[in-house]
Amino acid sequence: MSSAKPKVIRRSDPARVEIEWEDGARSSFPAAFLRRNCPCAQCVNELTGERMLDPESVPSELSQADLNLVGNYALSMRFSDGHHTGIFSFAYLRRLEPPAS
Ligand SMILES: [Zn+2]
């Protein structure tokens, strides 16, 4: 778990969230990618784990705002489509494979 701690979180680009992890690894998440992988109960069926959100419905030019820390284990943000209920734990973000940019 120690490797799932961010050292630096950059949000200067509204279309992207960049995390530099304590172990030196870097992840760069396009906002639309995070929206498509939103783990909240509206986007993923809690019982079956089935993704309820059609990834095709998320515009790739989506942006994020109001990025906030949740406790010391997660991030929340508001997407430009108005969705804001996702809690992205650092462990979850670390497991996500952002698309090569
Ligand atoms: Zn969601």
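What comes next concerns the included structure. Predicted model only: the values in this text are computed from it and were never measured.

1. With respect to the sheet that holds strand β2 (residues 16–21)
Thought 1: Spatially, the three strands line up as an open sheet ordered β1-β2-β3, and their pairing is antiparallel. Here the strands that pair on one side only, and so sit at the sheet edges, are β1 (6–10) and β3 (26–30). Within the sheet, the average angular offset between the axes of one strand and its neighbour, ignoring direction, is 15°.
Thought 2: As judged from the five bridges shared by β2 and β3, these two strands associate in the antiparallel manner. The partner of R16 across the bridge, within β3, is P30.

2. Considering the pairing of β1
Successive side chains on a regular strand alternate, one facing one side of the sheet and the next facing the other.
Thought 1: Where β1 lies against β2, four bridges are found, and the strand directions are antiparallel. Counted as the bridge partner of I9 is I19 from β2.
Thought 2: Between the antiparallel neighbours β1 and β2 lie five residues.

3. Focus: the nonpolar core
Thought 1: Counting 14 residues, the largest nonpolar core has V17 and L34 as its most contacted members.
Thought 2: For this core, the secondary structure elements donating two or more residues are β2, α1 (31–36), β5 (74–79) and α2 (90–95).
Thought 3: Ranked by residue count, the leading element in this core is α1, at four residues.
Thought 4: In this structure V17 touches R11, F29, A31, L34, Q64 and L67, once residues within four positions along its chain are discounted.

Calculation rules
- Residues numbered from 1 in each chain as written.
- Predicted model: local features only at pLDDT ≥ 70, side-chain atom pairs only at ≥ 80, totals over all residues.
- Pairing = 2+ DSSP bridges.
- Helix = DSSP H or I, 4+ residues; strand = E, 2+ residues; numbered from the N terminus.
- Axes fitted to C-alpha atoms, helices over the stretch in contact; angles between N-to-C directions.
- Core = buried A, V, L, I, M, F, W, Y, C linked by C-beta atoms within 7 Å.
- Buried ≥ 20, exposed ≤ 12 C-beta atoms within 10 Å, placed from the backbone.
- Contact = placed C-beta atoms within 7 Å.

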